[in-house]
Protein chains: 2
Amino acid sequence: MSTDSRPVRVGILGMGTVGQGTVRVLLRNAEEITRRVGRDLRVVHAAVRSPQRLQGLDFPGRVSVDPWAVVRDSEVDVLVEVMGGTGLARELILAAIDSGKHVVTANKALLAEHGNEIFAAAQRRGVMVAFEAAVAGAIPIIKAIREGLAGNRIHWLAGIINGTSNYILTQMFREGWSFAEALAKAQELGYAEADPALDVDGGDAAHKITLMASIAFGIPVDFAHCHVEGIRSLQGEDVHYAAELGYRIKLLGIARRRDDGVELRVHPTLIPQDHLLAHVEGPFNAVLADSDAAGQSLYYGRGAGGDPTASAVVADLVDVARTMTADPSNRVPHLAFQADALSPLPLLPMAEVESAYYLRIQAENRAGVLAQLATILAEYQISIEALVQRERPGAASVPIVLLLHRCREGDLEQAIARIEALPVVTAAVLRLRVESLDEG
Amino acid sequence: MSTDSRPVRVGILGMGTVGQGTVRVLLRNAEEITRRVGRDLRVVHAAVRSPQRLQGLDFPGRVSVDPWAVVRDSEVDVLVEVMGGTGLARELILAAIDSGKHVVTANKALLAEHGNEIFAAAQRRGVMVAFEAAVAGAIPIIKAIREGLAGNRIHWLAGIINGTSNYILTQMFREGWSFAEALAKAQELGYAEADPALDVDGGDAAHKITLMASIAFGIPVDFAHCHVEGIRSLQGEDVHYAAELGYRIKLLGIARRRDDGVELRVHPTLIPQDHLLAHVEGPFNAVLADSDAAGQSLYYGRGAGGDPTASAVVADLVDVARTMTADPSNRVPHLAFQADALSPLPLLPMAEVESAYYLRIQAENRAGVLAQLATILAEYQISIEALVQRERPGAASVPIVLLLHRCREGDLEQAIARIEALPVVTAAVLRLRVESLDEG
């Protein structure tokens, strides 16, 4: 079909859900993939810790227990790394790059923490490191940002990029469950790991938004400065107050470019309930991009699982197969921008972030409290957009819920410290961020 | 930056909304685009019927009234065709291809009607014809289907791909307006042309779904066999009955692969009101793809306008700039599949289509009518899922609304002919298709 019709020979590290999914998809759709690429994608070697895992899979290649055997296999053109971890995986990938192999990886933690080192090594060696599968599962979001929006100045990205958290928040909203109840159900259904920390504490989403920020803005990967808050401390009552105010609470990864730097943060966020993003439910992911020419665009799909992640791995393999014979300088750069043209735009500390806010303040049930709160906020030029206060006759203390207009987070933190010091305020103030997601 | 850092020289045919948007975006984001591509994209020559159109645009290149001057300009590497039409535009594009120029076009009508000829000429000459801007404006849907889902067997696509119609349907639903009222408002706001036929009669959506079907399934472009129905005859009462049954009415382009052929059709369609696609409102577009590995994925954004369409044109220019020095056999094929590996899968006639249906039957207001309808439907093995019938005491005739389970359209047409022949039925039966949009 094409002038170079030799098969592309693939080695795989790790035969868990994603590794097996990749082999399954490559076998099942072999004919269709070859019709697209003009050559076969053939898995010739896999490393698997427990070879009995391959039972039932009609695996066509060599099997090794030692991952180095795959990395050192001169028959392997492209290495697929789906074993996870940031120690051995890093060494294996660097060695593969060093020997001139292209790499396809789903390892968001590794790239968020060691991406600059890995991309620099690949750049020097003239090989590709493709990572569509590392962000938002089946959604071709890396391609959309890096290529589809290549003509745009991207203003910001906001993504629901952790399916476990989104499932939990969906159930807290729909069923009125507590966080603990929803987490238990997610674990029962296999949407959450036995140790759910990486998902519900925001680390996984932070890995992903860190990578997306780099390709959107052309900045080095800087996970250490990503602000991360999870959903563990969310209360059912906040989900309900938010609904009453016209909002849904979602765990968002947000990356925003400003003239003076980049905001990079993961936290539970109130978003308008009539926005498309508020309708992304359960284990699904979605990323909203706001850019100068395209305006708002949104990308939605399955964020995890064997076959959906394999869909992204295979798309990367197809891209690699198409460009492996091309001059490296003509390929799409790893971080969307030429390696020598990355921007030094700094990541901003949270005190510099600008957002609207939701506050829940527990205060004594008596006259004059609201006036005290409003006075403090006004001193910091923070204005109140909406208020929910329920009559609870006889109760010693009542919750006061405030929606605040956009302000500088550092100013708000000072105001909150003053509010918490008021004698009438009986507990720590709960503070959530609010994003209108308006275009521009 | 890269080894070949000469500028890519662009010629443009047509300086209407999209042509001007393209120049504006290339100028405004020049620095950022060059940081991405490693070389400049420079507009060197534009053809414009009325040169006064360029007033206010800081246009950097030559200007000609004669489009052939741009096509014959040996300084032009890539031709952007945004003049529209299927006569002269075809000749200009074929001549540009013949002289070895790459082509970027937003011309869906031209490609839907003459795509096979144009792609074959480009294939022979080893040049690219890129058309992201021809489908769904700013949404990188061609790239998503052709590259992002390259590992998948795509089952079906369903798209809201005409913003004018979607705006009209949104307003009919929200405001209770008639089609004529909503159209008038769309024209006032500039969402609809003075002659709205191409939009509201479905032709524009048909051009787009025809192109998407080709790249999803690897079949030649076959606009002549696309079934097209618009929204002109929709009644407000159907919008409201649909809502009562839990559905929204949207103009969908649908392409579905079956073992025996491909369904390719555009028509108003009832879709479940809790599906994400039902929340795509106003002038926005969205395409839902269902495929074997990724499952369902959705792509949403602005479907028209100068800057959004320019976003897609520039993305194509970037792709062309990156691959113009590559071996043509390694590029992404025009129709996603290698030119010699297209499938002969036929487009199916509407009688063979399978769908669920909504019927509105106007019948005399008396006992026994429903039994007669049910008897006829049962003879064709068509079963009723839901029914709406309002008491209207004293009315001579009443509407009966039926939701029918999936059946073969040919069978339904026979049943409808029998129903219309019943003496108790007082008007032609209104028939709409219903899609559950379920995964798989």
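Thresholds, definitions, all that
Residues numbered from 1 in each chain as written. Chains lettered and ligands numbered in written order. Predicted model: local features only at pLDDT ≥ 70, side-chain atom pairs only at ≥ 80, totals over all residues. Heavy atoms only, no water. Helix = DSSP H or I, 4+ residues; strand = E, 2+ residues; numbered from the N terminus. Rg over C-alpha atoms; globule rule 2.2 N^0.38 Å. Buried < 20%, exposed > 50% of the residue type's maximum accessible area, 1.4 Å probe, protein only. Areas by Shrake-Rupley, 256 points an atom, 1.4 Å probe, with all protein chains shown as cover. Lys, Arg positive; Asp, Glu negative; His and termini not counted. Charge placed at Lys NZ, Arg CZ, Asp CG, Glu CD. Least-squares fit on C-alpha atoms with pLDDT ≥ 70 in both. Contact = heavy atoms within 4.5 Å. Axes fitted to C-alpha atoms, helices over the stretch in contact; angles between N-to-C directions. Left-handed = near helix turned anticlockwise from the far one by under 90°. Nonpolar A, V, L, I, M, F, W, Y, C, P; charged D, E, K, R; others polar. Buried area = accessible area lost by both parts, 1.4 Å probe. Salt bridge = Lys/Arg side-chain N within 4 Å of Asp/Glu carboxyl O. Polar contact = N/O pair within 3.5 Å; in protein donor to acceptor, adjacent residues only side chain to side chain. Pairing = 2+ DSSP bridges. UniProt positions renumbered as here; feature names shortened; annotations may be inferred. 1 Å grid on protein atoms, 1.4 Å probe; cavity = no way out; pocket = protein on both sides within 12 Å on 5 of 7 lines; lining within 4 Å. Points joined across faces, edges and corners; volume = space filled by probe spheres on them. Domains from an automatic or database assignment. Phe/Tyr/Trp six-rings, centres within 6.5 Å; stacked < 30°, edge-to-face > 60°. Expected span 1.5 Å × (residues − 1).

A closer look at the overall build of chain A
Of regular secondary structure, chain A possesses 14 helices and 16 strands. Here the C-alpha atoms of chain A give a radius of gyration of 24 Å, agreeing with the 22 Å that 2.2 N^0.38 yields for 440 residues. For chain A, the C-alpha atoms occupy an extent of roughly 80 × 45 × 35 Å along the three principal directions. Scored against the burial criterion, the 440 residues of chain A give a buried share of 62%. Counting every atom, chain A has about 15,700 Å² of accessible surface; 49% of that belongs to carbon and sulfur. Taking the average location of the 42 positive side-chain charges in chain A and that of its 54 negative ones, the two points are 5 Å from each other.

Points about the relation of the copies chain B and chain A
With an RMSD of 0.0 Å, the fit of chain B onto chain A corresponds to turning through 180° and sliding 0.0 Å along the axis. Viewed as a symmetry operation, the transformation between the two copies matches a two-fold axis. Among all C-alpha atoms of chain B, that of Y299(B) lies closest to the rotation axis, at 2.4 Å. Most of the interface of chain B is mirrored in chain A, where 100% of its interface residues are also at the interface.

Regarding the packing of helix α2 (residues 30-37) of chain B against helix α12 (residues 306-323) of chain B
Residues and elements named next belong to chain B. Taken N-terminus to C-terminus, the directions of α2 and α12 make an angle of 35°; their axes are 11 Å apart at the nearest point. Along this stretch, α2 crosses α12, giving a crossing that reads as right-handed. From α2, I33, R36 and V37 reach across to α12, where they touch V314, V318, A321 and R322. In terms of residue class, the contact of α2 with α12 is made up of five nonpolar, no polar and two charged.

A word on the interface of chain B and chain A
Counting residues at the interface gives 66 residues for chain B, matched by 66 residues for chain A. For the pair chain B and chain A, the two sides together bury roughly 5,500 Å², of which 48% comes from carbon and sulfur. Joining chain B to chain A, the criterion identifies 10 salt bridges. Between D292(B) and R28(A) there is a salt bridge; the shortest N-O distance is 2.9 Å. Where chain B packs against chain A, one counts 32 residue pairs in polar contact (both at pLDDT 80 or more). Within the residue set of the side of chain B that touches chain A, elements represented by two or more residues are α1 (17-28), α2, α6 (141-148), α10 (203-217), β12 (295-302) and α12 of chain B. Here the residues of the side of chain B that touches chain A sort into 29 nonpolar, 19 polar and 18 charged.

Some thoughts on the sheet that holds strand β2 (residues 41-47) of chain B
Residues and elements named next belong to chain B. If you walk across this open sheet you meet the six strands as β3-β2-β1-β4-β5-β6, and the pairing is parallel. The two strands at the open ends of the sheet, each matched to only one other strand, are β3 (62-64) and β6 (129-130). By the bridge criterion, six bridges tie strand β1 (residues 8-13) to β2 in an arrangement that is parallel. From the neighbouring strand, I12 faces β2, where its bridge partner is A46.

Regarding the UniProt feature "binding site: L-homoserine" (unreviewed entry) in chain A
All names here are of chain A. Under the UniProt annotation, the feature "binding site: L-homoserine" (unreviewed entry) is placed at E193. Locating E193 in the fold gives a position in the loop between α8 (179-188) and α9 (197-200). Non-local contacts of E193, meaning those with residues more than four positions away in its chain, are made with Q187 and D199.

Structural notes on the layout of surface pockets
All names here are of chain A. The volume enclosed by the largest pocket comes to roughly 1,500 Å³. Contributing to the lining of the largest pocket are 47 residues, with T17, V18, V82, K108 and E193 lying nearest its centre. Sorting the residues of the lining of the largest pocket by element identifies α1 (17-28), α5 (108-125), α7 (163-175), α9, α10 (203-217) and α12 (306-323) as the ones contributing at least two each. A breakdown of the residues in the lining of the largest pocket according to their chemical character gives 19 nonpolar, 18 polar and 10 charged. Each of domain 1 (8-139 + 307-341) and domain 2 (142-301) gives at least three residues to the lining of the largest pocket.

What to know about the sheet that holds strand β5 (residues 102-105) of chain A
If you walk across this open sheet you meet the six strands as β3-β2-β1-β4-β5-β6 (chain A), and the pairing is parallel. Either end of the sheet is taken by a strand with one partner, and the two such strands are β3 (62-64) and β6 (129-130) of chain A.

What about the side chain of Q171(B)?
Note on placement: Q171(B) falls in helix α7 (residues 163-175). Excluding its chain neighbours within four sequence positions, the residues that come into contact with Q171(B) are G176(B), W177(B) and A182(B).

Description of the packing of aromatic side chains
All names here are of chain A. In total, this model carries six aromatic pairs over all chains according to the counting rule given. With a centroid separation of 5.5 Å and an interplanar angle of 40°, the aromatic rings of F119 and F131 are classed as tilted. A residue pair is termed long-range when its members are at least 10 positions apart, and F119 in helix α5 and F131 in the loop between β6 and α6 (141-148) qualify at 12 residues. Judged on exposure class, the residue F119 and its partner F131 are both buried. Between F284 and Y300, the ring centres sit 5.0 Å apart and the planes meet at 5°, which makes this aromatic pair stacked.

Details of the UniProt feature "binding site: NADPH" (unreviewed entry) in chain A
All names here are of chain A. Mapped onto the present numbering, the UniProt feature "binding site: NADPH" (unreviewed entry) falls at K108. Mapping K108 onto the fold places it in helix α5. Discounting residues that sit within four places of it in the chain, K108 has contacts with A134, D204, H207, K208 and L211.

Describing the pattern of salt bridges
All names here are of chain A. Considering all chains together, one arrives at 76 salt bridges over all chains under this definition. Between D204 and K208 there is a salt bridge whose closest N-O contact spans 2.7 Å. Linking D204 with K208, this pair stays in helix α10, spanning four residues, or about one helical turn. Note on D204: relative accessible area 7%, which makes it buried. Owing to a relative accessible area of 4%, K208 belongs among the buried residues under this scheme.

Description of α7(A)
Residue and element names in this part refer to chain A. For α7, which comprises 13 residues, the first-to-last C-alpha distance of 17 Å matches the rise-based estimate of 18 Å (1.5 Å per residue) to within 8%. Summarising burial for α7: 10 of the 13 residues are buried, a large majority. Where α7 is concerned, the buried positions are G163, T164, S165, N166, Y167, I168, L169, T170, Q171 and M172. In this structure, the buried side of α7 is in contact with β7 (154-160), α8, α9, α11 (236-244), β9 (247-258) and β11 (284-291). Positive phi shows up at G176, right after α7, with a value of about 75°.

Description of the pairing of strand β15 (residues 397-408) of chain B
If a strand is regular, its side chains alternate between the two faces of the sheet. All names here are of chain B. The sheet contact formed by strand β13 (residues 354-364) and β15 spans 10 bridges and is antiparallel. Bridging from a neighbouring strand, A363 pairs with V398 of β15. With five bridges joining them, strand β14 (residues 384-389) and β15 adopt antiparallel strand pairing. Paired with A386 across the two strands is L403, which belongs to β15.

Side note on the environment of L437(A)
All names here are of chain A. Examined against the element boundaries, L437 turns out to sit in the segment after β16 (430-434). Accessibility expressed as a relative area gives 5% for L437, which makes it buried. Residue contacts for L437: discarding those within four places in its chain leaves W156, A158, I271, P272, H275, L277, L288 and Q296.

Section: the environment of R174(B)
Mapped onto the elements of the fold, R174(B) is located in helix α7. Taking the C-alpha atoms as reference points, R174(B) and L276(B), 102 residues apart in sequence, are found 17 Å from one another.

Examining the domain arrangement of chain A
Residues and elements named next belong to chain A. Domain boundaries in chain A define domain 1 (8-139 + 307-341), domain 2 (142-301) and domain 3 (350-434). For domain 1 and domain 2, the distance between their C-alpha centres works out to 26 Å. Opposite the 20 residues of domain 1 that make contact, domain 2 presents 23 residues. Together domain 1 and domain 2 conceal approximately 1,900 Å² of surface at their shared face, both sides included; 69% is due to carbon and sulfur atoms.

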